[in-house]
Amino acid sequence: MPELPEVASFEKYFEKYAIGRKIASAQVKDSRIIRGLPAGRFEGELSGRRFVSTRLHGKYLFAATDGERWLVMHFGMTGYLQYFEKPEDNPKYDRVLIGFQQGGYLSYVNPRMLGWIGLIESPDELIRQKGLGPSAQDSRFDYREFRKIFSGRKERIKPALMNQGLAAGIGNIYSDEILFQARIHPMTRANSLNEKELKSIFHHLKKVLQTAIDRNTGTGSLPEQYLLRERRKGAACPVCGTRLETAKIGGRTSYFCPNCQKEPTGPKA
DNA sequence: CTGGTAACCTGGCCGC
DNA sequence: TGCGGCCAGGTTACCA
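Fair warning: this is a prediction, and the values are worked out from it, not measured in the lab.

This next bit is on the protein's contact with DNA strand B. Close to DNA strand B lie Arg32, Tyr93, Pro111, Arg112, Met113, Leu114, Arg153, Lys154, Glu155 and Arg189. In the interface set of DNA strand B, defined as its atoms within 4 Å of the protein, sugar plus phosphate atoms amount to 77%. Here a base oxygen of DNA strand B and a side-chain polar atom of Arg112 are 3.3 Å apart. Taking Lys154, its main chain carries an N or O atom lying 3.4 Å from a phosphate oxygen of DNA strand B. Among the residues forming the surface near DNA strand B, the class breakdown is 4 nonpolar, no polar and 6 charged.

And the structure:
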């Protein structure tokens, strides 16, 4: 669930509840969630520090401290942040708990334990190590860049959009929405897309992410003609009413409208 | 380079 | 009520 728009809302949440506050204590409640250093050192290095700024890249959230280190968070599929005032109000499945000197707690919650937390020297170094592409909502990721990265590839457009090494931040859910809005079948080979189709995908990529970010951080739900509102077994296309179909592409379940998103033509496309 | 599969982990849901 | 089985999600490892 946490793809770039959700992580962007976690960033806002983190800014609201953690930035500028001094850390009184850090408690690791399940050490399996900590990567790159022992849980005890994670706790020790964090306490006494202060969070000063945040940074988002794809599905990763970074928080700079006033020390040498950055906190890095990845949310897997079920992770999120939760702030609360009283210790006894801590949420179920909290894995890391940060207590602030002025009171209040921020917990990293993750029921299914996919995802991780660590302390690193440099976000850029981590981005390089992981081989991440440009963050999808970054203004530097423009159409020229998109075209350069995606246009020649042989693979299907859906797994390409989900490939964090090409552009970071898009997962199974939003790739379905982007392709639905662009009226492109998810099985289409990237290198068979013409200029107009590439432009459409890029346009909707930006638009869908921004719409979701606005929704998560502000008010309101997704627009009526969004696939995500109907993304479930047996539902009807919000545009034409055709029954939605599913397909396994790249190991993930894709939802699409067989009428709005025509199957690519040609043999074994 | 490409793509297919499975594992990691665990709660939720379906069917019996 | 309980239980097995499957699914979800992002990432990574492994194999063709």
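So that's the structure; there's more coming.
What follows is about the packing of aromatic side chains. Tallied over the entire structure, the rule returns 14 aromatic pairs. A centroid spacing of 5.4 Å and a plane angle of 45° characterise the contact between Phe146 and Phe202, whose relative ring orientation is tilted. Here Phe146 is found in helix α4 (residues 143-150), whereas its partner Phe202 is found in helix α7 (residues 195-217), with 56 residues between them in sequence. Each of the two residues, Phe146 as well as Phe202, counts as buried. Following the ring pairs from residue to residue traces out a cluster consisting of Phe141, Tyr143, Phe146, Phe150 and Phe202. One residue, Arg21, lies across the ring of Phe100, its end atom 5.9 Å from the ring centre.

Time to look at the sheet that holds strand β6 (residues 94-100). One open sheet accounts for 4 strands, arranged β1-β6-β7-β5; its pairing is antiparallel. Strands at the two margins of the open sheet, each flanked by one partner only, are β1 (23-28) and β5 (80-84). Direction aside, neighbouring strands of the sheet carry axes that sit 20° apart on average. Two elements, β5 and strand β7 (residues 105-109), share 5 bridges in a ladder whose sense is antiparallel. Counterpart to Tyr80 in the pairing with β7 is Val109. The strands that helix α1 (residues 4-17) touches are β5, β6 and β7; relative to β5, the one it contacts most, it runs at about 25°.

A separate point is the nonpolar core. Counting residues in hydrophobic clusters, the biggest one holds 63 residues, and the most contacted among them are Phe14, Phe42, Leu71, Phe150 and Ile201. Take this core: its biggest share by element is 8 residues, from α7. Both domain 1 (4-129) and domain 2 (143-256) contribute no fewer than three residues apiece to this core. Residues within four places of Phe42 in sequence aside, it is in contact with Val28, Ile34, Leu37, Leu71, Val96, Ile117, Gly118 and Leu119.

This brings us to the sheet that holds strand β4 (residues 70-74). Pairing is antiparallel in the open sheet, where 4 strands are placed in the order β2-β3-β4-β8. Each edge of the open sheet carries a strand with a single partner, namely β2 (51-57) and β8 (116-120). On average, each strand axis in the sheet is tilted by 20° relative to the strand beside it, whichever way the strands run. Here strand β3 (residues 60-65) runs beside β4; their pairing, made up of 5 bridges, is antiparallel. Looking at β4, one finds that Phe62 is bridged to Val72. Running at roughly 175° to β2, α1 makes contact with β2, β3 and β4 of the sheet.

Here we come to the pattern of salt bridges. Summed over all chains, the structure comprises 16 salt bridges. Where Glu121 meets Arg69, a salt bridge forms, and the shortest distance between an N and an O atom there is 3.5 Å. Of the two residues, Glu121 sits in the loop between β8 and α3 (123-130) while Arg69 sits in the loop between β3 and β4, which places them 52 residues apart along the sequence. For Glu121, a relative accessible area of 55% corresponds to the exposed category. Linking Arg147 and Glu195 is a salt bridge whose minimum nitrogen-to-oxygen distance equals 2.8 Å.

Cut-off values and rules
- Residues numbered from 1 in each chain as written.
- Chains lettered and ligands numbered in written order.
- Predicted model: local features only at pLDDT ≥ 70, side-chain atom pairs only at ≥ 80, totals over all residues.
- Heavy atoms only, no water.
- Near = heavy atom within 4 Å.
- Polar contact = N/O pair within 3.5 Å; in protein donor to acceptor, adjacent residues only side chain to side chain.
- Nonpolar A, V, L, I, M, F, W, Y, C, P; charged D, E, K, R; others polar.
- Phe/Tyr/Trp six-rings, centres within 6.5 Å; stacked < 30°, edge-to-face > 60°.
- Helix = DSSP H or I, 4+ residues; strand = E, 2+ residues; numbered from the N terminus.
- Buried < 20%, exposed > 50% of the residue type's maximum accessible area, 1.4 Å probe, protein only.
- Lys NZ or Arg CZ within 6 Å of the ring centre and 35° of its normal.
- Pairing = 2+ DSSP bridges.
- Axes fitted to C-alpha atoms, helices over the stretch in contact; angles between N-to-C directions.
- Contact = heavy atoms within 4.5 Å.
- Core = buried A, V, L, I, M, F, W, Y, C linked by side-chain atoms within 4.5 Å.
- Domains from an automatic or database assignment.
- Salt bridge = Lys/Arg side-chain N within 4 Å of Asp/Glu carboxyl O.

Shape descriptors only; they carry no functional weight alone.
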